[in-house]
Amino acid sequence: GMAMGEMGEAMEPRRDLIGLSSEPLSIERVYSSALSPSCGAVALFIGTTREHFEGRRVIRLEYEAYEAMVQSELSAVCLDIRARWPMVKHICIQHRLGLVPVAEASVAIAISSPHRCDAQEAVRYCIDALKASAPIWKKEVYESEDSKWKENPECGWSSNG
Amino acid sequence: GMAMGEMGEAMEPRRDLIGLSSEPLSIERVYSSALSPSCGAVALFIGTTREHFEGRRVIRLEYEAYEAMVQSELSAVCLDIRARWPMVKHICIQHRLGLVPVAEASVAIAISSPHRCDAQEAVRYCIDALKASAPIWKKEVYESEDSKWKENPECGWSSNG
Amino acid sequence: MLADHPMSHPGSFLSQSQVTVLYFAKSAELTGLRLEVVPLPVATSSGQLWAVLLELHPSLAALQDHVVLAVRQQYIPPGNQSIILADGDEVAVVPPLSGG
Amino acid sequence: MLADHPMSHPGSFLSQSQVTVLYFAKSAELTGLRLEVVPLPVATSSGQLWAVLLELHPSLAALQDHVVLAVRQQYIPPGNQSIILADGDEVAVVPPLSGG
């Protein structure tokens, strides 16, 4: 039993799941994708769309992406995470595209590890790295129907950085 | 629109949701409980039961709690969080009791805030504080049917602390 | 059962309260009880309370130095700080925590 | 449209590649395009590439100093580092990111 169990653990491959979709994100599914019987912790971060920005009412958000490059950039982020936190088991990063209504999730990240520190630190790193390097753009559309392309302060070439 | 919106935000009361249940935890529900249209971030931590402990195969876990005191201790943790991270909006802490099969969630915490730092730091504090102060106990039952009461290193009177 | 206990004799009646003692986790296994109502001194301390509980249930010695008591659902620091117990108060034996 | 462009005259044929240029977010709004195939110099640099794109679409000047280019799905540092472009390569105009 024990030897088989230890082998079983070693044999369960680490997963990097990266996805872009115009469907609503299922938090339960993102969580389940990162779950592992060899781990005691899953840390998650969910980014949601806010109804206000600097006092203006946001009526919707639109996301677009350079999809192939999001895949390659986030794969590189997963490699970084595995180098920094070798105990991390599974990584699941899902980003929604297209119209996202207010209070819905635009990004969901779940990471598992045997002990909670690794997963928690890796999730923080992951969302920071995603904001700095994944070619994804968000336009906020306001009540007045004008709109604005947002800029992440984490992005090295933003004008508010 | 804007003035009403700002009033709406101010009027949405902050929620502290603390729950104990012998039913499986719904991660989606814990997430939804913390969600707020005034927030851009929900951080979550899920504690799950591991199949091994020091090389021994765990077949099940049993949790018990001093329920009334869990409520009062976790209410105090929520107050602490609100003092340390005033931007935190909603806090949801759910703990499962009774038999918990391997790879299922024993604890789920979700915290929302306008910006992600507050929620992420508050969740880390919350799980550390829960482990240190909530009167909940876990017994691991091994394949050989013997069992062991676990002790959190965060607990000030544990024998491995 | 209470009648058999030395502390429940009539002479100590005025200085004792009927207190509900709760046992959890390993302490419930060691005592075979989850709850009992026992007379405990009105004016006491954490150290004294533990001594009384040990006298009632010598098996609790297995938890020595790795246990705290809670009175009216508040942890009490170990030692000699004064505790006042009223009838109906709740005292809990709290082995090392393992929630999460 | 390509025939009208000064860089597509026959004399520069050997030193140019047919490259797919992708525009995203604000750059797509400014150019009115999401994708175009244009002849670009085989041997170039980030700064030169940006100059060529500005010549094609003067409205892109609104992004000046707040844009990077990606070549074959890799960000390229601004400046004069050498870039070799082959036919079919992909160049992307990348305004400030706002994912998450």
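Thresholds, definitions, all that
Residues numbered from 1 in each chain as written. Chains lettered and ligands numbered in written order. Predicted model: local features only at pLDDT ≥ 70, side-chain atom pairs only at ≥ 80, totals over all residues. Heavy atoms only, no water. Least-squares fit on C-alpha atoms with pLDDT ≥ 70 in both. Contact = heavy atoms within 4.5 Å. Buried area = accessible area lost by both parts, 1.4 Å probe. Salt bridge = Lys/Arg side-chain N within 4 Å of Asp/Glu carboxyl O. Polar contact = N/O pair within 3.5 Å; in protein donor to acceptor, adjacent residues only side chain to side chain. Helix = DSSP H or I, 4+ residues; strand = E, 2+ residues; numbered from the N terminus. Nonpolar A, V, L, I, M, F, W, Y, C, P; charged D, E, K, R; others polar. Pairing = 2+ DSSP bridges. Buried < 20%, exposed > 50% of the residue type's maximum accessible area, 1.4 Å probe, protein only. Core = buried A, V, L, I, M, F, W, Y, C linked by side-chain atoms within 4.5 Å. Expected span 1.5 Å × (residues − 1).

A few words now on the relation of the copies chain B and chain A. The two copies are related by a screw motion: chain B maps onto chain A through a turn of 180° and a shift of 0.0 Å along the axis, at an RMSD of 0.0 Å. As the rotation angle and translation indicate, the two copies are arranged about a two-fold axis. Most of the interface of chain B is mirrored in chain A, where 100% of its interface residues are also at the interface.

This part takes up the interface of chain B and chain A. Listed by partner, the interface residues are 44 residues for chain B and 44 residues for chain A. The contact between chain B and chain A buries some 3700 Å² in all, and 47% of this surface belongs to carbon and sulfur atoms. Of all residues in chain B, Arg-50, Arg-116 and Arg-124 of chain B give up the largest surface area on contact with chain A, accounting jointly for 19% of the area buried on that side. Taken together, the links from chain B to chain A amount to 6 salt bridges. As a salt-bridge pair, Arg-116 of chain B and Glu-154 of chain A come within 2.8 Å of each other at their nearest N and O atoms. Summed over the shared surface of chain B and chain A, the number is 18 residue pairs in polar contact (both at pLDDT 80 or more). Where the side of chain B that touches chain A is concerned, the elements lending two or more residues are α1 (2–11), α2 (27–34), β2 (41–48) and α4 (116–133) of chain B. Of the residues belonging to the side of chain B that touches chain A, the class tally is 19 nonpolar, 12 polar and 13 charged. The sheet contact formed by strand β2 (residues 41–48) of chain A and β2 of chain B spans 7 bridges and is antiparallel. If you follow Ala-43 of chain A over to β2 of chain B, its bridge partner there is Phe-45 of chain B.

A side chain of one charge can pair with a side chain of the opposite charge if their charged atoms are brought near each other. Summed over the entire model, instances satisfying the criterion amount to 27 salt bridges over all chains. Between Arg-96 of chain A and Glu-104 of chain A there is a salt bridge, with its nearest N and O atoms 2.6 Å apart. Among the residues examined, Arg-96 of chain A registers a relative accessible area of 6% and is labelled buried. On the accessibility criterion, Glu-104 of chain A (30% relative accessible area) is partly exposed. Where Arg-60 of chain B meets Glu-62 of chain B, a salt bridge forms, and the shortest distance between an N and an O atom there is 3.4 Å. When salt bridges with common partners are traced through the structure, they connect Arg-60, Glu-62 and Glu-145 of chain A into a single cluster.

Right, let's get into the nonpolar core. Of all hydrophobic cores here, the largest spans 33 residues; its most connected members are Leu-74, Ile-81, Ile-93, Ile-109 and Ile-111 of chain A. At the level of secondary structure, the elements contributing two or more residues to this core comprise β2, β4 (56–65), α3 (67–84), β5 (91–96), β7 (105–113), α4 (116–133) and β8 (136–142) of chain A. Per-element accounting of this core gives the leading share, 8 residues, to α4 of chain A. Among all residues touching Leu-74 of chain A, those that are not within four sequence positions of it are Ile-18, Ile-93, Leu-130 and Ala-134 of chain A. Counting residues in hydrophobic clusters, the runner-up holds 30 residues, among them Leu-74, Val-107, Ile-109 and Ala-129 of chain B.

Let us look at unusual backbone geometry. Excluding glycine, residues mostly carry a negative phi; peptide bonds, for their part, are mostly trans. Even without being a glycine, Glu-145 of chain A presents a positive backbone phi close to 70°. Relative to the elements of secondary structure, Glu-145 of chain A occurs in the loop between β8 and β9 (147–149). Its relative accessible area of 48% is what places Glu-145 of chain A among the partly exposed residues. Positive phi values are uncommon outside glycine, yet Ala-103 of chain B reaches one of about 75°. Counting through the fold element by element, Ala-103 of chain B comes out in the loop between β6 (98–100) and β7 (105–113). What makes Ala-103 of chain B partly exposed here is its relative accessible area of 21%.

For α3 of chain A, built from 18 residues, the straight-helix expectation of 26 Å at 1.5 Å per residue is met to within 8% by its first-to-last C-alpha distance of 26 Å. Of the positions making up α3 of chain A, those classed as buried are Met-69, Val-70, Glu-73, Leu-74, Val-77, Cys-78, Ile-81 and Arg-82 of chain A.

The subject of this paragraph is the pairing of strand β4 (residues 68–71) of chain C. Residue and element names in this part refer to chain C. Alternating positions in β4 separate into two faces, Val-68 and Ala-70 on one and Leu-69 and Val-71 on the other, with burial throughout. The pairing of β4 with strand β7 (residues 90–94) spans 4 bridges and is antiparallel. Bridge pairing links Ala-70 to Ala-92 in β7. Relative to strand β5 (residues 74–76), β4 runs antiparallel, the two being bridged by 3 bridges. Bridge pairing in β5 links Val-71 to Gln-74. Once β4 ends, the chain turns through 2 residues before running back antiparallel as β5, passing Arg-72 with a positive phi of about 50°.

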